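Observations on the model geometry
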Amino acid sequence: MQQANLKEDRIHGDPLYPIRVYEICCQPGEELLELHWHDELEFLMLTKGKAVFRVSMDDYELEAGEAIFVNSGQLHSGRISANEECCFTAVVFHSDVLGGERFDLVREKYINPLIQQKFVAPAHISHHTAEERELLALLLQVFDLNINERPLYELSTKALLQLIISKLIMLGGPAFRELPLSVNPTHIDRLKLIIEYMQVNYSSPIRLEDLAAIVSFSESYLCRYFKGFTGKSPLEYLNQVRAQRAALLLKDTNKKVTEISLDVGFNTLSYFIGVFKTHFGHTPSEYRKRLRTSEGIGGYSRIIVSS
């Protein structure tokens, strides 16, 4: 997801059909799914390779054929966990698909509590139980309908998504729960502000004390809370953002490595090279050469297919 802000500003589908299916593939060393969130709900199925997806504060190891559920507003990201190509298919949809905007029993009794995370709904859907396998089979139907635009796919997709959500809730009980004390919704919103700030201002000097002041956290508390959700310290995350932006510049421009280093916020070339190699397994010069070699022989490109 190559965009400036952490919260997606893209429209998934259109107002008359707020559903969209994506197919995405990445090679080892590339970012599978940048940390972000959106108001829509999402089911994501790994179709090739192995990956680790983080949803809120938890990591889930997925093999091909398994899926994750991402609730509205949840931070989520993904990384390849094996030295092989990795692909996933995702359906992203607005909750209005499941229940109308006006007062609706289904929305009030099931959809709103789900979005408010009052249901114990699983994030990881594996092959372990017959119920999970049935849900995964329904997801495959949704993907096939939309990618191939089968007859009546809009009507069938809406019905399938309602059935999938019903089965998801049943997998969790259904039962109500209270959010863990460590998960403070207000603090999550503040954390999103911090991440958005780094996404937008990565090219400028950013100090930990400045980030903490934005949300009125102490520096130590910010570091603990930030790492709990992202798995990284603020500096590690900032370096990741800068490395990803540098990778785009290496791919799309002819700028020199030293110039790119400054453009993405690194004042020391050697530090930039070290950080970049940590994230991509190659120095910036090696990465650019590798990209151009693969393009010259009809190599890999990221694929996005949508209905």
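The rules we used
- Residues numbered from 1 in each chain as written.
- Predicted model: local features only at pLDDT ≥ 70, side-chain atom pairs only at ≥ 80, totals over all residues.
- Heavy atoms only, no water.
- Buried < 20%, exposed > 50% of the residue type's maximum accessible area, 1.4 Å probe, protein only.
- Helix = DSSP H or I, 4+ residues; strand = E, 2+ residues; numbered from the N terminus.
- Contact = heavy atoms within 4.5 Å.
- Polar contact = N/O pair within 3.5 Å; in protein donor to acceptor, adjacent residues only side chain to side chain.
- Pairing = 2+ DSSP bridges.
- Axes fitted to C-alpha atoms, helices over the stretch in contact; angles between N-to-C directions.
- Disulfide = S-S within 2.5 Å.

Here we take up helix α1 (residues 105-115). The set of residues buried in α1 consists of R107, I111, N112, P113 and L114. Contacts made by the buried residues of α1 are with β3 (41-48), β6 (67-70) and α3 (153-171). The N-capping residue of α1, defined by a side-chain oxygen 2.9 Å from the backbone nitrogen of V106, is D104. Phi turns positive one or two residues past the end of α1, at Q117, with a value near 60 degrees.

Turning next to the sheet that holds strand β4 (residues 50-55). Judged by pairing direction, the sheet is antiparallel, and its four strands sit side by side in the order β2-β7-β4-β5 without closing on themselves. The outermost strands of the open sheet, each flanked by one partner alone, are β2 (33-36) and β5 (58-63). Averaged over all pairs of adjacent strands, the angle between strand axes in this sheet comes to 20 degrees, irrespective of strand direction. Here β4 pairs with β5 via six bridges, running antiparallel. Across the sheet, residue V55 finds its bridge partner in β5, namely D58.

All right, on to the state of the cysteines then. Scanning the entire structure with this criterion turns up one disulfide. Linked covalently through their sulfurs, C25 and C87 form a disulfide whose S-S length is 2.1 Å. Its torsion about the S-S bond being 110 degrees, the disulfide of C25 and C87 is classed as right-handed. Residue C25 is found in strand β1 (residues 19-26), and its partner C87 is found in strand β8 (residues 86-93); the two are separated by 62 residues along the sequence.

Geometric descriptors of this kind do not, in isolation, establish any biological role.
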